[in-house]
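Geometric and topological summary
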Amino acid sequence: MRVYVPLTLAGLAQAHTAGELGPGPLTAYGVTPGLREWYVSDDIEELEYAALSRAAAASLRMLAAAPDLPRRRVVVAVDVPDGDAVADPDGLLEHSSVGEVRLATAVPLAKAAAVHVDADDAEADVSAAADALGAADHGDDDAQFVVDGAEDHELLWFGVQEIPGLIAAG
């Protein structure tokens, strides 16, 4: 199963140094029954994109909690055995947990298929979105508009071998 692990650039640097994403348990996002029901699609590429988008939103939450970090969302796509990614059956339709899975243990970075990172030109919108997230969570429509502005930026695809360059540029 392909899962998407939300990180920050600092988290990516730590994973690169350690050679693994972890320690466990890790929160990731994947194509779960709840995501299929929420997204209502049979197209696996669309479903995986939805899972990636959920992980990008989780990365934004990490940035909101750590204002000193570079304002670029980071998601690492990794392939794990199906049984290693466990969805909470009680949270299947909770909006905040759609597509969320738990990985009990660290995942070797060698299992990563790709890294998805915001482009430099997204930083201002991502920063504004991270700053507005709390107000958006409390129903502020203007703040939600700002958060949605970050989602307008597509994450760029990078090969795992490009991680050192991403870390240095961050």
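The structure under discussion appears in the preceding block.
Per chain, the residues get numbers from 1 upward, laid out in the order the sequence is written. Since the coordinates come from a predicted model, pLDDT governs what is reported: local features require at least 70, and pairs of side-chain atoms require 80 or more to be given and counted, while whole-chain, interface and lining totals use all residues. The side-chain numbers reported here are obtained from all heavy atoms of the structure, hydrogens and water having been left aside.

So, about the overall build of the protein chain. Across its full length, the protein chain carries six helices and nine strands. The C-alpha atoms of the protein chain give 15 Å as radius of gyration, which agrees with the globular expectation for 170 residues (15 Å, within 12%). Each principal axis of the C-alpha atoms in the protein chain carries an extent, and together these give about 40 × 40 × 25 Å. Expressed as a percentage of its 170 residues, the buried residues of the protein chain come to 45%. In what follows, residue pairs with any heavy atoms lying within 4.5 Å of each other are defined as contacts. Excluding contacts between residues fewer than 6 apart, the proportion of contacts in the protein chain whose partners are at least 24 apart in sequence is 77%. All accessible areas in this document rest on Shrake-Rupley with a 1.4 Å probe, and a residue is counted as covered only by the protein chains that are shown. Split by element, the accessible area of the protein chain, about 8,700 Å² in all, is 53% carbon and sulfur. None of His or the chain ends enter the tally, which takes Lys and Arg as positive and Asp and Glu as negative. By convention, charge coordinates are those of NZ in Lys, CZ in Arg, CG in Asp, or CD in Glu. Each charge sign in the protein chain was given a centre, from 9 positive and 30 negative side chains, and these centres are 5 Å apart. Secondary structure elements follow DSSP: runs of H or I of four or more residues count as helices, runs of E of two or more count as strands, with numbering from the N terminus. When we talk radius of gyration, it's over C-alpha atoms, and the globule rule is simply 2.2 Å times the number of residues to the 0.38. For every residue, the accessible area (1.4 Å probe, protein chains only) is compared with the maximum for its type, and the residue is labelled buried under 20%, exposed over 50%, or partly exposed between those bounds.

What follows concerns the nonpolar core. What tends to happen in soluble globular proteins is that the nonpolar side chains get buried as a cluster. Buried residues of nine kinds, namely Ala, Val, Leu, Ile, Met, Phe, Trp, Tyr and Cys, make up a nonpolar core once their side-chain atoms join them within 4.5 Å. Core analysis: the largest hydrophobic core is formed by 24 residues, its most contacted members being Val3, Leu12, Leu21, Val76, Val78, Leu103 and Val115. Counting residues per element, the ones that place at least two in this core are strand S1 (2-7), helix H1 (9-18), strand S3 (26-30), strand S4 (74-79), strand S6 (100-103), strand S8 (112-117) and helix H6 (163-169). Val78 has contacts with Met1, Arg2, Val3, Val5, Leu21, Val107, Lys111, Ala112 and Ala113, leaving out every residue within four places of it along the chain. Grouped together as the second largest cluster of nonpolar side chains are 15 residues, Tyr4, Ala50, Val75 and Val98 included.

Now for the packing of helix H3 (residues 44-65) against helix H4 (residues 123-137). The packing of two helices is summarised by the inter-axis angle and the distance between the axes. Lines are fitted to the C-alpha atoms to define the axes, a helix being fitted only along its stretch in contact, and any angle between axes, read from their N-to-C directions, falls within 0 to 180 degrees. Two numbers describe how H3 lies on H4: the axes approach to 9 Å, and their chain directions differ by 90°. Of the possible angle classes, the one that applies to H3 and H4 is roughly perpendicular. Facing H3, whose interface residues are Leu60, Arg61, Leu63 and Ala64, H4 presents Val126, Ala129, Ala130, Leu133 and Asp137. Three classes are used: nonpolar for Ala, Val, Leu, Ile, Met, Phe, Trp, Tyr, Cys and Pro, charged for Asp, Glu, Lys and Arg, and polar for all others, with Gly counted as polar. Tallied by class, residues from the contact of H3 with H4 come to seven nonpolar, no polar and two charged. Any angle from 65 to 115 degrees is called roughly perpendicular, while one under 35 is roughly parallel, one over 145 is roughly antiparallel, and all others are oblique.

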